[in-house]
Amino acid sequence: MFLMYVECTACGLQHPWSQLQNLCLSCQKPLLAIVDLVAAGRTLKRDTLATRGKTLWRYREVLPLPGDVEPVSLGEGGTPLLRAEKFGEDIDLWVKDESLNPTQSFKARGMSVAVSMAKHLGAAKLAVPSAGNAGGALAAYAARAGLEAHIFMPRDTPLANIIECRELGAHVTLIDGLITDCGAEIARRKAKEGWFDMSTLKEPYRVEGKKTLGYELAEQFNWELPDSILYPTGGGTGLIGMWKAFEEMQALGWIGTKRPRMFAVQAAGCAPIVRAFAALGRTIGGRDAGSTSGRPGERRR
Ligand SMILES: Cc1ncc(COP(=O)(O)O)c(C=O)c1O
Ligand SMILES: [Zn+2]
């Protein structure tokens, strides 16, 4: 394993990977895993990838988890990239079909890596707020790992997702409120209950699993990244993960400096990232992101 430490995205404080970590111990901002890419690149090469299995664990050198530890895997990753030929004459549009992942969404990528690390570092009870797919994925990977899953869902979550979690053996609690209320309930009870908080961006390794989407895209596009990526965005882990993958692949010498324009596509009724951009006076795709409260000149970090 070439994971060196986990680092705060805001203040840069380094934390040891060998202990369970949630947010930065100093400023409570998210942590990212820092990999020794020089060492990883000695065995992980573009050409050798083709000889490996299709699951995301083929990128083992740039993922956390010591080399002698068996990952908690259900065959995630390695999804097809399909050309949408009939979409339009002058649009070269491709679809990465993430529904072929275990539990039918790309949440499986993040949970495979995060549950593997949580188990390795001694967590026994994993908790997550979810409006659907993250809960299903955690339930499946916790079951695979032999760990408890505690899933908090808004009461109006589609029944199929609730049944999925329960049938996979998770403890499901329905909350009269939004997913943020579910997260707050976990935060309130986790110390007493001994739960490890697996919420989006509150532990460092779901991003690591999701970054494999970026590695796969580069390989499937023959190491030439597309001009734009449209990403159905919830908390943004996939966007951050892909971006991290592009940085890592450039450091590995696999791709150049070109980066796709990243579009965070969110449902109108739940669009915190679009609204945050709008509030900062940014436009998206040449159009106003939908708010008049922007402060021109202010930039995101
Ligand atoms: C199928 C699917 N794709 C993408 C996302 C976005 O997740 P995130 O923005 O946290 O990467 C979600 C959940 O929020 C999802 O269920
Ligand atoms: Zn910090």
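Heads up: the structure comes first, above all this text.
Cut-offs and rules
Residues numbered from 1 in each chain as written. Chains lettered and ligands numbered in written order. Predicted model: local features only at pLDDT ≥ 70, side-chain atom pairs only at ≥ 80, totals over all residues. Heavy atoms only, no water. Helix = DSSP H or I, 4+ residues; strand = E, 2+ residues; numbered from the N terminus. Buried < 20%, exposed > 50% of the residue type's maximum accessible area, 1.4 Å probe, protein only. Contact = heavy atoms within 4.5 Å. Pairing = 2+ DSSP bridges. Polar contact = N/O pair within 3.5 Å; in protein donor to acceptor, adjacent residues only side chain to side chain. Donors = N, O, S within 2.8 Å, 3.2 Å for Na, K, Ca; no water. Tetrahedral: all angles 85-135°; square planar, octahedral: opposite > 155°, others 65-115°. Near = heavy atom within 4 Å. Areas by Shrake-Rupley, 256 points an atom, 1.4 Å probe, with all protein chains shown as cover. Nonpolar A, V, L, I, M, F, W, Y, C, P; charged D, E, K, R; others polar. Phe/Tyr/Trp six-rings, centres within 6.5 Å; stacked < 30°, edge-to-face > 60°. Expected span 1.5 Å × (residues − 1).

> Can you explain the environment of A124? Please cite residues and give values.
Topologically, A124 is positioned in the loop between α3 (107-120) and β6 (125-129). The exposure class assigned to A124 is partly exposed, which follows from its relative accessible area of 47%. Between the C-alpha atom of A124 and that of V6, which follows or precedes it by 118 residues, the distance is 21 Å. Those residues in contact with A124, other than ones at most four positions away along the chain, are L147 and E148.

> Go over the sheet that holds strand β8 (residues 171-175) with me, naming the residues and quoting the values.
One open sheet holds the four strands; their spatial order is β8-β7-β6-β9, and the pairing between them is parallel. Two strands close off the open sheet at either side, each with one partner strand: β8 and β9 (196-197). Bridging between β6 and strand β7 (residues 148-154) involves five bridges; their strand directions are parallel. The partner of A127 across the bridge, within β7, is H150.

> Account for the side chain of T233, with residues named and values stated.
Here T233 shows up in the loop between β10 (228-232) and α8 (237-251). A polar atom in the side chain of T233 sits 2.7 Å from the backbone oxygen of Y231.

> So what's going on with unusual backbone geometry? Residues and values would help.
Trans peptide bonds make up most of the peptide bonds, and negative phi angles are found at most residues other than glycine. For L201, which is not glycine, the phi dihedral falls at a positive 65 degrees. Along the chain, the position of L201 falls in the loop between β9 and α7 (205-220). For W223, which is not glycine, the phi dihedral falls at a positive 70 degrees. Here W223 lies in the loop between α7 and β10. When its relative accessible area of 15% is taken as the criterion, W223 is described as buried.

> Tell me about the coordination of the zinc ion (ligand 2), and please be specific about residues and values.
Note on the zinc ion (ligand 2): its protein donors are C8 (SG), C11 (SG), C24 (SG) and C27 (SG). The metal-donor distances range over 2.3 to 2.4 Å. Taken together, the four donor atoms surrounding the zinc ion (ligand 2) define angles of 98 to 120 degrees at the centre, an arrangement classified as tetrahedral. Donor residues for the zinc ion (ligand 2), ordered by position in the chain, follow C-x2-C-x12-C-x2-C. On the accessibility criterion, C8 (2% relative accessible area) is buried. A relative accessible area of 42% means that C11 is categorised as partly exposed.

> Before we move on, can you summarise the site of ligand 1 with the specific residues and values?
What surrounds ligand 1 is a group of 13 residues, the closest being N133, Y231, G234, G236 and G238. At 3.2 Å from an oxygen atom of ligand 1 is found a main-chain nitrogen or oxygen belonging to G235. Within the contact set of ligand 1, an oxygen atom lies 2.7 Å away from a backbone nitrogen or oxygen of G236. For ligand 1, the accessible surface in isolation is 400 Å², of which the surrounding protein chains cover 76%. Those elements that place two or more of their residues in the shell around ligand 1 are β10 and α8. By residue class, the composition of the shell around ligand 1 is three nonpolar, eight polar and two charged.

> Give me the pairing of strand β3 (residues 31-35): which residues, what numbers.
On β3, burial follows the alternation: L31, A33 and V35 on one face are buried, whereas L32 and I34 on the facing-out side are not. Of the pairings in the sheet, the one linking strand β1 (residues 3-8) to β3 comprises five bridges and is antiparallel in character. Residue Y5 lies in a different strand from β3, and its bridge partner there is I34.

> How would you sum up the packing of aromatic side chains? Please name residues and give values.
A full pass over the atoms with the stated rule returns seven aromatic pairs. Taking the centre distance of 6.4 Å and the plane angle of 65 degrees together, the rings of W243 and F246 count as edge-to-face. Here W243 and its partner F246 are both found in helix α8, three residues apart, which amounts to about one turn of the helix. Among the residues examined, W243 registers a relative accessible area of 36% and is labelled partly exposed. Exposure remark for F246: the relative accessible area of 0% places this residue in the buried category.

> Any chance you could break down α3 for me, citing the residues and the numbers?
One turn of the α-helix equals 3.6 residues, which is why residues spaced by three or four share an orientation. In a regular helix each residue adds 1.5 Å, so 14 residues correspond to 20 Å; α3 covers 20 Å between its end C-alpha atoms and thus fits that length. In terms of burial, α3 is largely enclosed, as eleven of its 14 residues are buried. The set of residues buried in α3 consists of A108, R109, G110, M111, S112, V113, A114, V115, S116, M117 and A118. On the buried face of α3, the contacting elements are β1, β5 (94-96), β6, α4 (133-145), β9 and α7. One or two residues past the end of α3 sits G122, with phi positive at roughly 100 degrees.

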